[in-house]
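# Close look at the chain arrangement
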Amino acid sequence: MSSPRRRRRLFGPSALALLCAVAGCSPAGGSVTAAVPSPADSADLLCRSLHGALPERVDGLDRGDPTPASELTAAWGDPAIILRCGVPRPAKMNDPKADSVEVNGVGWLMEPQGDGTFRFTTALRRAYVEVTLPGSRKDRGLAPLTDLAEPVIAEVPEGIAD
């Protein structure tokens, strides 16, 4: 039985609100939103440890964490690079033809999204870490993943997530 503190539900979100919650948006006020994952307890502990090790700058962008505040999410820049830790295993990981990259010792599943963003999810780690790169940064390459590799390696051990 899952504990009530991990149970989070959105009631009746519009399609735009849901998209913003998952990918991160910058409303007029300039704040970024991100849906907070509900990981298993073992992944939750790893993600909270990762949060404390994340850099203040990624690809030259300052950190400005999303709302709602959580140790399971982080953001840098505007439009934001969004990190969510403890996400479910992507179904695309079952596809032997799925695109993947390795950046400084961390393997990532790469999924282009219909809106021009790219979503990367760690593979073979004890918790799934998802990083969404805005389409406007596609010419910058994988620099954000380079900056995130060291804390991921240090705080999320290799293995298979529960």
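Residues numbered from 1 in each chain as written. Predicted model: local features only at pLDDT ≥ 70, side-chain atom pairs only at ≥ 80, totals over all residues. Heavy atoms only, no water.

Topologically, Arg137 is positioned in the loop between β8 (129-133) and α3 (143-155). A polar atom in the side chain of Arg137 sits 2.4 Å from the side chain of Asp59. What Arg137 contacts, discounting residues up to four positions off in sequence, is Asp59, Leu61 and Ile81. (Helix = DSSP H or I, 4+ residues; strand = E, 2+ residues; numbered from the N terminus. Polar contact = N/O pair within 3.5 Å; in protein donor to acceptor, adjacent residues only side chain to side chain. Contact = heavy atoms within 4.5 Å.)

By the definition in use, this model includes 9 salt bridges. Here Asp59 and Arg137 are joined by a salt bridge, their closest N and O atoms 2.4 Å apart. Linking Asp59 in the loop between β1 (57-58) and β2 (61-62) with Arg137 in the loop between β8 and α3, this pair joins segments that are 78 residues apart in sequence. In this structure Asp59 comes out as buried when scored by relative accessible area, which is 11%. Assessed through its relative accessible area of 16%, Arg137 is described here as buried. Counted as one network, the salt bridges with shared partners bring together Asp44, Arg48 and Glu71. (Salt bridge = Lys/Arg side-chain N within 4 Å of Asp/Glu carboxyl O. Buried < 20%, exposed > 50% of the residue type's maximum accessible area, 1.4 Å probe, protein only.)

Turning our eyes to something else, we now look at the environment of Ala127. Among the structural elements, Ala127 can be located in the loop between β7 (118-122) and β8. Separated by 41 residues in sequence, Ala127 and Gly86 place their C-alpha atoms 5.6 Å apart. Beyond its immediate stretch of four places on either side in the chain, Ala127 contacts Ala43, Leu46, Cys47, Cys85, Thr122, Val156 and Ala161.

Before going further, it helps to spend a moment on the sheet that holds strand β6 (residues 106-112). Strand order in this open sheet of 6 strands is β3-β4-β8-β7-β6-β5, and the pairing throughout is antiparallel. Two strands lie at the open edges of the sheet, namely β3 (73-76) and β5 (100-103), each paired on one side alone. Across the sheet, the mean angle separating the axes of adjacent strands is 25° when strand polarity is ignored. Both strand β4 (residues 81-85) and β8 contribute to a ladder of 4 bridges, which runs antiparallel. (Pairing = 2+ DSSP bridges. Axes fitted to C-alpha atoms, helices over the stretch in contact; angles between N-to-C directions.)

When pLDDT is averaged along the protein chain, the result is 84; 81% of the residues meet or exceed 70. Taken as a whole, residues 1-29 scores under 50 in pLDDT and shows 34 contacts with residues more than four places along the chain or in a different chain. (pLDDT = per-residue confidence, 0-100.)

The two faces of a sheet get side chains in turn, since along a regular strand they alternate between them. For β5 and β6, the ladder comprises 4 bridges, and the chain directions are antiparallel. Its bridge partner lying in β6, Val103 is registered against Val106. Linking β5 to β6, which pair antiparallel, is a turn of 2 residues; within it Asn104 sits at a positive phi near 50°. In this structure, β6 lies alongside β7, joined through 5 bridges in antiparallel fashion. Bridge assignment links Leu109 to a residue of β7, and that residue is Thr121. Between β6 and β7, which follow one another and run antiparallel, lie 5 residues, and Gly116 among them has a positive phi close to 95°.

Side chains of β3 alternate between two faces, with Thr73 and Ala75 and Ala74 and Trp76 buried alike. With 4 bridges joining them, β3 and β4 adopt antiparallel strand pairing. Its bridge partner being in β4, Trp76 is matched across the sheet by Ile81. Hairpin connection from β3 to β4: 4 residues lie between these consecutive antiparallel strands, with Gly77 at a positive phi of about 80°.

Another aspect to go through is the nonpolar core. Within the largest apolar cluster, 27 residues are counted, with the highest numbers of intra-cluster contacts made by Trp76, Leu83 and Val131. Breaking this core down by element, the ones donating at least two residues are α2 (41-53), β3, β4, β6, β8 and α3. Beyond its immediate sequence surroundings of up to four residues, Leu83 is in contact with Leu54, Leu72, Thr73, Ala74, Trp76, Val129, Glu130, Val131 and Leu148. (Core = buried A, V, L, I, M, F, W, Y, C linked by side-chain atoms within 4.5 Å.)

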